[in-house]
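# Architecture and fold: a report
Listed below are the residues making up each chain.
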Amino acid sequence: MKLTAFTDYSLRVLLYLAANSGRKATIAEIATAFGISEHHLVKVVHFLGKQGWIATVRGKGGGMTLAMQPKDICLGKVVRDTEGNAVPAECFEAGGGHCILSGCCELKGPLAEAVAAFYAVLDRYSLADVMTNRRALAQVLTFHPARAASGMAAT
């Protein structure tokens, strides 16, 4: 299962904020650290704020921080909420799609089981569980003027 860019960026923002806890971060700072578009991050940050995972402050001195402890942010919930309904094949679409095999195919059951297993694994982990190397992450994600000037950002 491939995650959308929206989910990928959402997870990156959460990782960045957890790695740099105790201070506000800006969209520009995060975009530079990952070498991704500020425009895309605006949408991601808005969504994460609406979900209650991050707190945002506008204006001078503004920025964002985690709104809850990393241990309280379930990765499965983040991925479910950012991905929407899992549609591993056309037959999972609303109305069943247009596959000519839909009346006799038995592939939907195993695919549904695989999606459930995917989320079951993610549900076992919180943001804190993937932050055991917090210092290393913070170091990699620190703004480096030389990296920004050359167009190379940490990923």
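The shown structure was predicted, so the numbers you read here are calculated from the model rather than taken from an experiment.

### Here's the deal with the packing of helix α1 (residues 5–19) against helix α4 (residues 75–83)
For the pair α1 and α4, the least separation of the axes is 9 Å and the interaxial angle reads 140°. In terms of axis orientation, α1 runs oblique to α4. In this structure, the crossing between α1 and α4 has a hand that is right-handed. Residues Phe 6, Thr 7, Ser 10, Leu 11 and Leu 14 of α1 lie in contact with α4, whose contacting residues are Leu 75, Val 78, Val 79, Thr 82 and Glu 83. Looking at the contact of α1 with α4 residue by residue, the classes come out as six nonpolar, three polar and one charged.

### Focus on the pattern of salt bridges
Within the structure shown, the criterion is met by five salt bridges. The partner of Asp 72 in a salt bridge is Lys 71, and the shortest N-O contact between them spans 3.3 Å. You can call Lys 71 exposed: its relative accessible area is 57%. Of the charged contacts in the structure, one is a salt bridge between Arg 80 and Asp 123, with a shortest N-O distance of 2.7 Å. Of the two residues, Arg 80 is situated in helix α4 and Asp 123 in helix α5 (residues 108–123); the sequence distance between them amounts to 43 residues.

### Considerations on the side chain of Glu 83
Structurally, the position occupied by Glu 83 is in helix α4. Here Glu 83 sits buried without a salt bridge, and the closest side chain of opposite charge, Lys 2, lies 10 Å off (N-O distance). When near neighbours in sequence (up to four residues on either side) are disregarded, Glu 83 contacts Lys 2, Leu 3, Thr 4, Thr 7 and Tyr 119.

Definitions and cut-offs
- Residues numbered from 1 in each chain as written.
- Predicted model: local features only at pLDDT ≥ 70, side-chain atom pairs only at ≥ 80, totals over all residues.
- Heavy atoms only, no water.
- Axes fitted to C-alpha atoms, helices over the stretch in contact; angles between N-to-C directions.
- Helix = DSSP H or I, 4+ residues; strand = E, 2+ residues; numbered from the N terminus.
- Parallel < 35°, antiparallel > 145°, perpendicular 65-115°, else oblique.
- Left-handed = near helix turned anticlockwise from the far one by under 90°.
- Contact = heavy atoms within 4.5 Å.
- Nonpolar A, V, L, I, M, F, W, Y, C, P; charged D, E, K, R; others polar.
- Salt bridge = Lys/Arg side-chain N within 4 Å of Asp/Glu carboxyl O.
- Buried < 20%, exposed > 50% of the residue type's maximum accessible area, 1.4 Å probe, protein only.
- Lys, Arg positive; Asp, Glu negative; His and termini not counted.

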